[in-house]
Each structure stands twice: as C-alpha cells, then as structure tokens.
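Below are the chains, spelled out letter by letter.
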Amino acid sequence: MAKFTALDPDEARKIEKKAFEQFAPELEKKPEKEKPKLTKEPPLFAVKSIFPFQLFPDELLVYKDKVTLITRLGPGMEKIRHLHLKEIAQLEADCGPIFGHLHIIPKLRTEETMLIDRLSRKQALEAREFIENLIDKPLEIKESTF
C-alpha cells in the first residue's frame, strides 16, 4: 500500500474550489423556503406601574382586539393574562390625588378581574378612556369585493 501525503494549503483550496463549482449550479436551482414571518404587531396603548412604588412594575398592553396584563412577580417571573375586548363587561379607574388603579371586569363573572395598581392618576384615566373607546367602536366589516 502506498503512503498518504499531506496536501499543502494551496492544493487543498484548488480541490475545494473545483468541487464547489461542480455542485454550485445544483445549489442555485433549489429555491430556499421562506420562513413565515412571526412579527408581532405593536400595542396601541401601553401603561406601566410606577417603579419605585412597585419593585417589579406591572404592564398593561392594549391591542386592537385584546388587552394583555403582565404581572411581574419577581426577576424573570411573570404572569400574563389576555382578555378580548368583546369579553369586557366594565372598566373602573379608581383614582386618588396622585395615584390610581384600573379594574377590568370580564363578562364572565367567574373569571378574576384584571387589576393594575400603582399607576399615576393620569395614566389610569387615559387607559380607561382608551379601552372604552375601543369597545364602543364598531367592528370593521369585511365585505366581499365581487
């Protein structure tokens, strides 16, 4: 049997380039599958609890069809609840001279109400007004173009 000899780097590059050119047309013919885009639409309205008064601030995000409450329990721990706008029965903004909180009461009374505490007075009233306007707004009617 013959003994193998090591290739020098220039020869190895030439062999690699030749092999690549041989199979390159096949690679160009294959269409790459496009991955579906999982882009999340940004919220229309967002409020956060005031930091020094709540160590891990809660967050309320309002989208065009739902409300999301993120309750932070500690570092890296959070509880996320979603409620569709059509499932909201009542909104209450309780305000004092400086602070306020917002209650979102679902139509199904067996569910727990969503509560975000330690908002500024202005934020609590703005959030209530914004969500009420979304609930009162008529749904978009998608009609056929035929």
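Definitions and cut-offs
- Residues numbered from 1 in each chain as written.
- Predicted model: local features only at pLDDT ≥ 70, side-chain atom pairs only at ≥ 80, totals over all residues.
- Heavy atoms only, no water.
- Helix = DSSP H or I, 4+ residues; strand = E, 2+ residues; numbered from the N terminus.
- Contact = heavy atoms within 4.5 Å.
- Areas by Shrake-Rupley, 256 points an atom, 1.4 Å probe, with all protein chains shown as cover.
- Pairing = 2+ DSSP bridges.
- Axes fitted to C-alpha atoms, helices over the stretch in contact; angles between N-to-C directions.
- Phe/Tyr/Trp six-rings, centres within 6.5 Å; stacked < 30°, edge-to-face > 60°.
- Buried < 20%, exposed > 50% of the residue type's maximum accessible area, 1.4 Å probe, protein only.

**Considerations on the overall build of the protein chain**
Within the protein chain, the secondary structure is distributed over 2 helices and 7 strands. Along the chain direction, N to C, the helices and strands of the protein chain fall in the order α-β-β-β-β-β-β-β-α. The contacts in the protein chain between residues at least 6 apart in sequence include a share of 36% that link residues at least 24 apart. If you sum the accessible surface of the protein chain, you get close to 12200 Å²; carbon and sulfur atoms cover 58% of it.

**Remarks on the sheet that holds strand β5 (residues 88-95)**
Strand-to-strand pairing in sheets goes through backbone hydrogen bonds, with the strands running parallel or antiparallel. The strand order across the open sheet built from 3 strands is β5-β6-β7, with neighbouring strands paired in antiparallel fashion. Edge positions in the sheet fall to β5 and β7 (114-120), since each of these pairs with one other strand and no more. Neighbour to neighbour, the strand axes of the sheet diverge by 15° on average, direction disregarded. Bridge count between β5 and strand β6 (residues 99-106): 7 bridges; the pairing is antiparallel. Of the residues in β6, the one forming a bridge with Leu91 is Ile104. Each of β5, β6 and β7 is contacted by helix α2 (residues 121-136), which is oriented at about 160° to β5, the strand it contacts most.

**A word on the packing of aromatic side chains**
Tallying each qualifying case throughout the model produces 2 aromatic pairs. Summarising the aromatic geometry, the rings of Phe45 and Phe130 are spaced 5.0 Å apart at their centres and angled 20° between planes, so their arrangement reads as stacked. One end of the pair, Phe45, is in strand β1 (residues 45-48); the other, Phe130, is in helix α2, with 85 residues separating them in the sequence. Owing to a relative accessible area of 15%, Phe45 belongs among the buried residues under this scheme.

**Some points on the sheet that holds β1**
The strand order across the open sheet built from 4 strands is β1-β2-β3-β4, with neighbouring strands paired in antiparallel fashion. With one partner strand each, in any of the chains shown, β1 and β4 (77-84) form the two edges of the open sheet. Across the sheet, the mean angle separating the axes of adjacent strands is 15° when strand polarity is ignored. In the sheet, strand β3 (residues 66-74) pairs with β4 via 8 bridges, with the strands oriented antiparallel. Opposite Ile70, over in β4, you have Ile80 as the bridge partner.

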